[in-house]
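Each chain is listed here by its residues.
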Amino acid sequence: MPEMPEVQGLVDFLRGRATGLTVTKVSVANIAALKTYDPPIDAFVGGSVTAVTRHGKFIDLTTDAASTGPVHLIFHLAKAGWLRWYEQLPTTVIRPGKTPIALRVAFDDGSGFDLTEAGTKKSLAYYAARSPADVPGIARLGPDPLDATFTRAALAALLAGRRTQIKGVLRDQSIVAGIGNAYSDEILHAAKMSPYALAATLSDENIDRLYAATRDTLTEAVTAASGKPPADLKDAKRRGMAVHGRRGQACPVCGDEVRSVFFADNSLEYCATCQTGGKVLADRRLSRLLK
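Let us look at the structure shown here.

How each quantity is defined
Residues numbered from 1 in each chain as written. Predicted model: local features only at pLDDT ≥ 70, side-chain atom pairs only at ≥ 80, totals over all residues. Heavy atoms only, no water. Pairing = 2+ DSSP bridges. Helix = DSSP H or I, 4+ residues; strand = E, 2+ residues; numbered from the N terminus. Axes fitted to C-alpha atoms, helices over the stretch in contact; angles between N-to-C directions. Contact = heavy atoms within 4.5 Å. Buried < 20%, exposed > 50% of the residue type's maximum accessible area, 1.4 Å probe, protein only. Arc of directions from axis to C-beta. Salt bridge = Lys/Arg side-chain N within 4 Å of Asp/Glu carboxyl O.

Within a sheet, each strand pairs with its neighbour through backbone hydrogen bonds, oriented either parallel or antiparallel. Pairing in this open sheet of 4 strands is antiparallel, and the strands run S1-S6-S7-S5 from one edge to the other. Pairing within the sheet leaves two strands with one partner each, and these edge strands are strand S1 (23–28) and strand S5 (81–86). Across the sheet, the mean angle separating the axes of adjacent strands is 15° when strand polarity is ignored. For strand S6 (residues 101–107) and strand S7 (residues 112–117), the ladder comprises 5 bridges, and the chain directions are antiparallel. Across the sheet, the residue bridging to Leu103 is Leu115, located in S7. Packing of helix H1 (residues 4–18) onto the sheet brings it into contact with S5, S6 and S7, and relative to S5 it is tilted by some 25°.

Written out as structure tokens, the structure reads:
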């Protein structure tokens, strides 16, 4: 799943490549992914891209297409979505239902991009909006962890009273925006903290470590993603991971084996030596198989 660092990498790329270009065509390939009807999706045609920004995991292309004000093309890549950029956009006809393409956007210099989604479970979403606040997912977002207002005190206030596992808190977009399964694993490993620790019970020292790990991990990941074209961002993410997606490999800090806990549709990775005092967390999937 693309998370904040990869999304920021896409924003940086689009800002440098698409700003000033005029939209010549918008082709809808998956109508179910289009979540708005007013303004219509073709309101972007004829408008120029004036800004590209990020809201959590949402990407926002602002255009000057409408005489009544700017129109925003906003999209969320969900679990299996991606942006595929072309210096020369293909001219092949898109066949809805027979392609991973959900949306195609063409620019006046011949370039453009597709929003694609792999797999059968479709959750990629895109919106035509007059304001980012019109998108429900953006309106519900918590603070951005790399914003200057996200201080140690702000984090402590968010955690206070939450009898929720810290892994879930970090992934909850209404609490902190932009962090998903992968980077929550990385942050907790850097903070030397169990994913099952309850947010409300963290000591001041724990919060200090968690805050530093959040800022440092995300800052390093954003820096690593900066300047890379979309085609290279996924590999850069994988190379930068210490524990996420590395089950069975050696922890780069202590050398212990990286372990997983599996859930219904994903897993978490952690190092028992670094994070849980050597305790191996119960794997619910394996436990069910052994019954």
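The buried fraction of helix H5 (residues 181–190) amounts to 9 of the 10 residues, a majority that puts the element mostly inside the structure. By the burial criterion, the buried members of H5 are Asn181, Ala182, Tyr183, Ser184, Asp185, Glu186, Ile187, Leu188 and His189. After H5 finishes, the residue Lys192 shows a positive phi value of roughly 55°.

We now examine the environment of Ala191. Mapped onto the fold, Ala191 is located in the loop between H5 and helix H6 (204–225). Owing to a relative accessible area of 0%, Ala191 belongs among the buried residues under this scheme. Placed 122 residues apart in sequence, Ala191 and Gly69 show a C-alpha to C-alpha distance of 45 Å. Dropping the residues within four chain positions of it, Ala191 is found in contact with Arg209, Leu210 and Ala213.

On to helix H3 (residues 152–159). Along H3, the residues that are buried comprise Leu155, Ala156, Leu158 and Leu159. Burial along H3 is one-sided: seen end-on, the buried residues are contained in an arc of 160°. In H3, the exposed positions that point more than 90 degrees away from the buried face belong to Ala153 and Ala157. Packing partners of the buried residues in H3 comprise helix H4 (166–171) and H6. Once H3 ends, the next one or two residues include Gly161, with phi positive near 80°.

What follows is about the pattern of salt bridges. Taken as a whole and assessed by the stated rule, the structure comprises 13 salt bridges. Notably, a salt bridge pairs Asp38 with Arg130, separated by 3.3 Å at the nearest N-O pair. Here Asp38, found in the loop between S1 and strand S2 (49–55), pairs with Arg130, found in the loop between strand S8 (125–129) and helix H2 (136–139); they are 92 residues apart in sequence, far enough to count as distant. Residue class for Asp38 comes out partly exposed when judged on its relative accessible area of 46%. Owing to a relative accessible area of 44%, Arg130 belongs among the partly exposed residues under this scheme. In this structure, Arg152 and Asp208 form a salt bridge, with 2.8 Å as the shortest nitrogen-oxygen distance. With Arg152 in helix H3 and Asp208 in helix H6, this pair connects stretches of sequence that are 56 residues apart. Through salt bridges with shared partners, one network takes in Arg17, Glu87 and Asp109.

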